[in-house]
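# Coordinate analysis (summary)
If you want the building blocks of each chain, they are given just below.
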Amino acid sequence: MAIIRVALDVPVDCLFDYLAPDASITDIGLRVCVPFGKRRTLGIILSVCTDTSVPGNKLKQAERIYRDIPPLPPALLELFKFCNRYYHHPIGQVVMNSIPNRLRQFKLTIDQPSRAFAWVITDKGRLLDATDIPARSRAKRLLLTTLQDNGQIPPEAFKQMSAHNRKLLREFLALDWVTQMPLVPGLPTAQTEPPSPTPEQNAAIAAILADTGMFAPWLLHGITGSGKTEVYLRVTAALLKQQRQVLLLVPEINLTPQLEARFKQRFPETAVVSLHSGLNDNERLQGWLLAQQGKAGIVLGTRLAVFTPLPELGLIVVDEEQDLSFKQQDGLRYSARDLAIYRAKQAGVPIILGSATPSLESYQHALAGHYRLLRLHSRAVSGATLPVIRCIDLRLTKAPEGLTEPLLTALQTALSQQQQSLVFINRRGYAPVLLCKSCGWVAACTRCSSRLVVHLHARQLRCHYCGHQQTVPAACPECGDPDILPFGQGTQRIEAALRSHFPAARILRVDRDSIRRKHAWQSVLDAVQNQQVDILVGTQLLAKGHDFPNLSLVCILNADASLYSTDFRAEEQLFAQLMQVAGRAGRADIPGTVLIQTEFPHHPLYQALSRQNYDSHARTLLRERQLTHFPPFAYQAVLRAEAIVIDSALAFLGKAAKIATACEQFGQIQLFDPVPAPMMRLKGRERAQLLVHAHSRKHLQEFLFDWQQRLHTLAAQKKVRWHLDIDPLML
DNA sequence: GGCGGCGAACTG
DNA sequence: AGTTCGCCGCCC
């Protein structure tokens, strides 16, 4: 009698054994329905064997093994086991949360994707006068004019339309204004000749293609506009020719519709599957199955796509590899970039990490020779020049409402020349740190590369990494100025201020909230593209890679907040973000200008930025990290606890720290004090964290393994929820 | 995570 | 006595 070992979606790190008379070794990776307590549930068979340590009276029989779709491939199961070990997350939850929702249901119906057809306007519809439609039927009128202008609505666009618009379209069909036409493959994609690569691009492509049959990690460091995408495309083309599959990971797919379009257009013969959070369960399953069957030549997706089964995997690309969104922030806290490396190694294929500003982790790997470094120094579009970057010294120039005179003048000039501007508000990394306005001194921790946080109630400065505390000094210890203040300025009124300064300008604000609505981001891009916007105001989002061809001016406000953030990675992130946002300016034939309002124009970051010198700045930061023993020269994990009141979270972490002393490898790791975490938007609950450092990943892992088991048995954790975060990014 | 067991506390 | 609520341990 065979025994199957099954992964179930329960927060207990073990497999559950069941009797399965008809099971064989070929059933590993299949879905199975099993009785579990009072319920039935669906799991994945991870192994098949003949004996078990579970007492016979407890052993139940599996109800049914599903053979409707092929089993998950062994490589994927290996990846799950690695996640389980490395991230210390229950195996069942790793497995069940990484497969499409639909595969977790008992009943699996695979409906074929509906045949794609476009809604094409008829002659009758073309001759209609849109103004005959009553003005109050705005949507109707708009739909008709759109059809008259574009001639058709392709299936992708139809999918994205609101229910109301779809209803209208069916009305039009009944009126014979439109007709449904089957989509002719390749018809709507106007084939334009791909640009011929620059010598630099050619060198990169050749280097990668010289070694495609083995694991080879490449760091493709290319400045904004240098044409990294073209390198991806060319290498992809070569691997598609070898019948291999390509996995392309991007930070947020809905923010980069151009990339998807470019791949689809370049490879009209290839099935391009895109996987992201915007899909419904059916679409997700559809794409996943195409990938699993090897039919999808290209899989393009966000971090979760790293778990896609790819039998013919031949290449992985991680675009904007430094982007924080590759790290999952709840549940299984994985880094899709790091898992991509694991997969490439496992499959013996090349992986390209692309970035204009690589993460210090990847850059250090390249410097150490673990990764192979490729550089693109020049912009791909001939004639396109790098923007001029200038600082406006806030100590010398007044900034009423946050906007200085030179900045307003520059905006006015751009307006009068009908060129677009971008006003970038940096909100990240704001925390009350203590700052001296006259000399720029900041209260810093002596033990960490972090800044101390002001706790006004307690009249104390605290380090959020190691727990060090001291009283707030009466005056600046550097220059004696008593005027030292918690740092930070309001950003809410910037948009209003801009409106009052430029009443005639068309100003568009872009932030998380304003693009939450589906496809709102696309309409923003369109509005900018169609010159319906003069000034874009927004946050991090605007730094992501888009072509805004008529953008000539980028203004950066209150960047300093990040500079003195308590997060030791904030400066790295700020630099990356500013390099990106600066790259928005002057991409085509318009020379760009970047203005930065800062109190610290001589800060090395702005100096490096104005020279557009990633390397020297990265090396400076790396030296700092090395001196303070921070990543990438140390490995971190953080134990987080959350409770209704901070004290119970801290008390739990205190106990955790106490039992840590008895754990394996305690001598090889460094435990910081439990500290309150920077406030997260978790309603009502308060969080605290305990940071663990180690110089060896192996020692850290061995310690964590032991520690985590003891934490489970730590009884008095009532109302305290806790989790481990390995390689945490935001502390 | 979901469910049942169990004791404490509450009810009229 | 009957009921409800919150904690706790198990699920193969």
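Just so it is clear, the structure is predicted and the values come from calculations on it, not from any experiment.

Spatially, the 6 strands line up as an open sheet ordered β5-β2-β1-β4-β3-β6, and their pairing is mixed. For this open sheet the edge positions go to β5 (60–61) and β6 (64–66), each flanked by a neighbour on one side alone. By the bridge criterion, 4 bridges tie strand β1 (residues 3–7) to strand β2 (residues 16–19) in an arrangement that is antiparallel. In the sheet register, Ile4 faces β2, and the bridge partner there is Tyr18.

All residues in the neighbourhood of DNA strand C are listed as Val12, Leu15, Phe16, Asp17, Tyr18, Pro35, Phe36, Gly37, Val54, Lys58, Leu59 and Lys60. Atoms of DNA strand C within 4 Å of the protein belong to the sugar or the phosphate in 62% of instances, the rest to bases. Lys58 places a side-chain nitrogen or oxygen 2.6 Å from a phosphate oxygen of DNA strand C. Secondary-structure elements contributing two or more residues to the surface near DNA strand C are β2 and β3 (31–36).

What follows covers the sheet that holds strand β22 (residues 469–471). Ordered by their spatial adjacency, 3 strands build an open sheet running β20-β21-β22, and the pairing between neighbours is antiparallel. Each of the sheet's edge strands pairs with one partner strand only, and the pair in question is β20 (452–455) and β22. Within this sheet the neighbouring strands show an average axis-to-axis angle of 30°, counted without direction. By the bridge criterion, 3 bridges tie strand β21 (residues 460–463) to β22 in an arrangement that is antiparallel. Bridge pairing in β22 links Arg462 to Gln469.

Moving on to the protein's contact with DNA strand B. Taken together, Val10, Pro11, Val12, Phe36, Lys38 and Arg39 make up all the residues around DNA strand B. Take the atoms of DNA strand B that sit within 4 Å of the protein: sugar and phosphate atoms are 41% of them. Here a base nitrogen of DNA strand B and a side-chain polar atom of Arg39 are 3.1 Å apart. Across the surface near DNA strand B, the residue classes break down as 4 nonpolar, no polar and 2 charged.

All right, on to the domain arrangement of chain A then. Per the domain assignment, the segments of chain A are domain 1 (3–104), domain 2 (117–182), domain 3 (199–376), domain 4 (388–431 + 488–619) and domain 5 (635–726). Measuring from the centre of the C-alpha atoms in domain 1 to the corresponding centre in domain 5 gives 29 Å. With 4 residues of domain 1 in contact, the opposing surface of domain 5 contributes 7 residues. Buried surface at the junction of domain 1 and domain 5, summed over both partners, amounts to about 560 Å²; 52% is from carbon and sulfur atoms. Its largest share of buried area at the contact with domain 5, domain 1 owes to Tyr86, Tyr87 and His88, together 93% of the area lost on that side. Applying the counting criterion to the domain 1 and domain 5 interface returns 0 salt bridges. Partitioning the side of domain 1 that touches domain 5 into residue classes produces 2 nonpolar, 1 polar and 1 charged.

Let's shift gears to the packing of helix α7 (residues 199–209) against helix α8 (residues 228–241). For the pair α7 and α8, the least separation of the axes is 10 Å and the interaxial angle reads 35°. Crossing angle aside, the handedness with which α7 passes α8 is right-handed. For the pair formed by α7 and α8, the contact residues are Gln201, Ala204, Ile205, Ile208 and Leu209 on the first element and Glu230, Val231, Arg234, Val235 and Ala238 on the second. Across the contact of α7 with α8, the residue classes tally to 7 nonpolar, 1 polar and 2 charged.

Rules behind the numbers
- Residues numbered from 1 in each chain as written.
- Chains lettered and ligands numbered in written order.
- Predicted model: local features only at pLDDT ≥ 70, side-chain atom pairs only at ≥ 80, totals over all residues.
- Heavy atoms only, no water.
- Pairing = 2+ DSSP bridges.
- Helix = DSSP H or I, 4+ residues; strand = E, 2+ residues; numbered from the N terminus.
- Near = heavy atom within 4 Å.
- Polar contact = N/O pair within 3.5 Å; in protein donor to acceptor, adjacent residues only side chain to side chain.
- Axes fitted to C-alpha atoms, helices over the stretch in contact; angles between N-to-C directions.
- Nonpolar A, V, L, I, M, F, W, Y, C, P; charged D, E, K, R; others polar.
- Domains from an automatic or database assignment.
- Contact = heavy atoms within 4.5 Å.
- Buried area = accessible area lost by both parts, 1.4 Å probe.
- Salt bridge = Lys/Arg side-chain N within 4 Å of Asp/Glu carboxyl O.
- Left-handed = near helix turned anticlockwise from the far one by under 90°.

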